[in-house]
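This is what each chain is made of:
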Amino acid sequence: MIFSKLNGGDTFAAYPQALRDALAFLRTADLLHMEPGRYPLDGDRMFANLMDMTTHPFEGSHPEVHRKYADLMYWPEGGEKIGVAPYLGTEPVFQARPENDVSLLETVEDESFLTAKAGFFGVFFPWDAHRPGLMLGDAPATSRKCVVKISMELLG
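Residues numbered from 1 in each chain as written. Predicted model: local features only at pLDDT ≥ 70, side-chain atom pairs only at ≥ 80, totals over all residues. Heavy atoms only, no water.

*Asks:* With reference to specific residues and values, describe the nonpolar core.
*Replies:* Counting 26 residues, the largest nonpolar core has L26, L31, L72, F121, V148 and I150 as its most contacted members. The element best represented in this core is helix 1 (residues 17-28), accounting for six residues. Residues contacting F121, with those up to four places away along its chain left out, are I2, F3, S4, K5, L6, F12, Y15, L23, L72, M73, Y74 and W75. Among the nonpolar cores identified, the runner-up in size contains eight residues, and M73, I82, A116 and F124 belong to it. (Core = buried A, V, L, I, M, F, W, Y, C linked by side-chain atoms within 4.5 Å. Buried < 20%, exposed > 50% of the residue type's maximum accessible area, 1.4 Å probe, protein only. Helix = DSSP H or I, 4+ residues; strand = E, 2+ residues; numbered from the N terminus. Contact = heavy atoms within 4.5 Å.)

*Asks:* Could you give an account of the pattern of salt bridges, naming the residues involved and the relevant values?
*Replies:* Evaluation of the coordinates by the stated rule reveals six salt bridges. With a shortest N-O distance of 2.7 Å, D44 and R38 are connected by a salt bridge. We classify D44 as exposed; its relative accessible area is 54%. Between K145 and E80 there is a salt bridge; the shortest N-O distance is 3.2 Å. Of this pair, K145 sits in strand 12 (residues 142-151) while E80 sits in strand 6 (residues 79-86), and the two are 65 residues apart along the sequence. For the pair shown, K145 and E80 are each scored as buried. (Salt bridge = Lys/Arg side-chain N within 4 Å of Asp/Glu carboxyl O.)

Written out as structure tokens, the structure reads:
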């Protein structure tokens, strides 16, 4: 997992090229004025899903994992709380949706929580169970979020 802030002058030279390309897109795209939807960056190997989402309470939520893609989440506006825990592969699956490359887990152990605000980004790899979209406070709030799906083939 990587969690940082997307600052204007950062080059992220130590990151793999695919991550640098995704961060360059996030830095230059006018995400606040683009329509929600899917934007191809490298065919099915890397694409951005831009959405307006509403945060929700922890109760009833489930951590998720992916096999084929890493999730690079970025918040140009708003934010959310995200649970994160190591994925060991032994956690019980609540719901599997292989066509969408997602498995929702019943629960995870040793979950920690991140506070994502405007300008922050997080990269969640297949070994990172993550529980996105949690409320920052006591009430749901809307947030603009861009999730760049990066094929693990590109991260080799």
